[in-house]
Amino acid sequence: RAPCSSHPRSVSAAACVIFELFGFRTMSASSSIRATPVARVSASRSSTSRFPKKTARRVSSSRRLAAPPRAVSSTSNDADVIIIGSGVGGLTAGALLAHYGRKVLILESHYATGGAAHGFQKKTDVGEFRFDTGPSFFAGLTTINALNPLASILTLVGEPIDTVKYDPLGTFHLEKGKPGLRRHADLSKLVTEVEKFSPNGAAQLAAAVPRIREMYGALSGLPTPALRADWKVGLMIASRYMKSMAKLGPYAAILPNPTVGLLDFLNIKDPWMRRLADLECYLLSGVDANGTVAAEFAAVFGASDDLKQSEFPKGGAEAITDALARAVLKNGGEIRLKTHVDKIVVDNGVARGVLLRNGVILSAPVVMSNASVWDTYGQLLPPGSVSQKEKDDALGIPCSESFMHLHLGIDATGLDFAETGGHHVVVRDDTKPIDKPGNVCMISIASVWEPDMAPKGHHCIHAYTMEPFEGWERGPGYETRKKESAEKLYEALEVVIPDIRKRVVLEMIGSPLTHKHWMRRHRGTYGAAIRAPALFPGPGTGIAGLYRVGDSCAPGVGLPAAASSGVIAANTLVRINEHFKLMDDVDAIAKKAGRFVER
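Residues numbered from 1 in each chain as written. Predicted model: local features only at pLDDT ≥ 70, side-chain atom pairs only at ≥ 80, totals over all residues. Heavy atoms only, no water.

Student: Hey, could you run me through the overall build of the chain in this one?
Tutor: Along the backbone of the chain there are 19 helices and 19 strands. For the chain, buried positions account for 62% of its 599 residues. Considering only intrachain contacts with a sequence separation of at least 6, the fraction spanning at least 24 residues in the chain is 74%. Carbon and sulfur atoms make up 53% of the accessible area of the chain, which totals about 21,600 Å². (Helix = DSSP H or I, 4+ residues; strand = E, 2+ residues; numbered from the N terminus. Buried < 20%, exposed > 50% of the residue type's maximum accessible area, 1.4 Å probe, protein only. Contact = heavy atoms within 4.5 Å. Areas by Shrake-Rupley, 256 points an atom, 1.4 Å probe, with all protein chains shown as cover.)

Student: How should the packing of helix α3 (residues 88-99) against helix α12 (residues 318-330) be read in this particular structure?
Tutor: Pairs of packed helices are described in terms of their axes, by the angle between the two and the distance that separates them. Running from amino to carboxyl end, α3 crosses α12 at an angle of 35°, the nearest separation of the two axes being 8 Å. The handedness of the crossing between α3 and α12 is left-handed. The residues of α12 that touch α3, namely those facing V88, L91, T92, G94, A95 and A98, are T321, L324, A325, A327 and V328. Looking at the contact of α3 with α12, its residues break down into 8 nonpolar, 3 polar and no charged. (Axes fitted to C-alpha atoms, helices over the stretch in contact; angles between N-to-C directions. Left-handed = near helix turned anticlockwise from the far one by under 90°. Nonpolar A, V, L, I, M, F, W, Y, C, P; charged D, E, K, R; others polar.)

Student: Just checking my understanding: could you explain the sheet that holds strand β1 (residues 81-84) for this structure?
Tutor: Whether parallel or antiparallel, the strands of a sheet pair through hydrogen bonds between backbone atoms. Read from one edge to the other, the open sheet built from 5 strands follows the order β9-β2-β1-β13-β19, with strand pairing classed as parallel. The sheet is open, and its two borders are formed by β9 (334-336) and β19 (546-548), each paired with just one other strand. When strand polarity is set aside, the average angle formed by the axes of neighbouring strands in this sheet is 20°. One ladder, built from 4 bridges, connects β1 with strand β2 (residues 104-107); its direction is parallel. Of the residues in β2, the one forming a bridge with I83 is I106. Packed onto the sheet, α12 meets β2 and β9 and runs at close to 120° relative to β9. Packing against the sheet, helix α13 (residues 373-380) makes contact with β1, β13 (366-369) and β19, and its axis sits at approximately 145° to β19. (Pairing = 2+ DSSP bridges.)

Next comes the structure, spelled out in structure tokens:
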């Protein structure tokens, strides 16, 4: 992913979870939330599922009977799980739980589902422009693959999406005054491209390609839908994936650690290639190769090479979340928009439901928070409901910077992106660190692949860069500061479209405060900035019946990682025999598509 609200390139969910659960590297003992991968459950239920029998009434209103704000489907009085938030993690968990036959109620404070992946429209004199708010780089949405679960899950729930496939992913402008590197998915093509910039680096990359492909093959042996966050994952692995697990053995000391170690292992020493690796890592996780876990880097390089192309969803990023929402609704679930959760109801260490801002209490045996770890522990949990250590550990997880956004509608006369593509990454100063806020700017021209997102003869552009949250306040000088801070984005755009300023027919500037407001994000953050070898916490908490999903828990940030968190949490809540049946269906889908990985 690019450092945006999420960036859907494949991540190694399987590797990350397996390293956590099976001791390739032990979890940090300093964090109580990391030491509890699943919530505690009573002995009477631990051998089956986390839900009581269907005859129990599980969602009710207390004292007030006013109709809920804007229900997406008919109001239900009966739910097995309440999910707070309809981001990719919450929607994926909800879609999968509904597929499993559970009654799901999703509560969303926004007017639209999708979290960071929602879209919006703006009418102008030349017509309507449509924009994505976050995700912009996509792969593995329709081609079945072992690491990004979305293709399998969307097919499984009967909601596959249409995409436009293309290559290269985009153009990386790494040095001023020099041509950009066309970032091909196929590593053999990428080697040829790198040779234009660093012959020595190209030779080292070429020598590393066979080993990268071998590592990816090992990582691919355990598909993300096979994972869960309890001891029963051992039953799943022992029965189906032991040979695949054995293939990870030679890389066990490398993959859970920082990518710099992997680069050394691959004998990539060339400074230009190391700089490119830093950029790739930054686009994946918001940190450089010293902080990005090697499993993620190897998985993305390998998956990119395997898929040979990138994808853009027809209709934009919201097409993905709309499909997940439809899967929830058609299987008896409910999604309520403009419904603000004030607190999670906790009684004697057990989650009992949620208290809405309007005073209504909704009850369910399982509550799942798709809010960030900081919002969950800092805002949603009542004081004293968890130990002070657990709360301090959760709130102490570092968060990344926020963003400056620039959404533009432009006159497209004479522009041709056939060679360079619609995605661009611009390094403004190659003498400064990659992860310095404002130094790397991402540009997505979605209308290159989806012309309907802009009026005829025009393009829609989303440009964004990291920006510290500190110091931003609304009031005198706020609009001036926004314009000044957007200058770096215009400078980056001029690398791609030199006369960009003359072409603008619509300009919308977003600050970190804008990002915080519309994304419902703590400090407008991109996500958790957990540097390898530290691990992201799992879905469990110290409160029975309370789980978390999203980009501040394992496997990490990015759209497929958030989706993976939803898959893992949903699987954890069901019986192992149901999970086995699901994997039979997933395998059948992969075999039909000719994408089954033998094991």
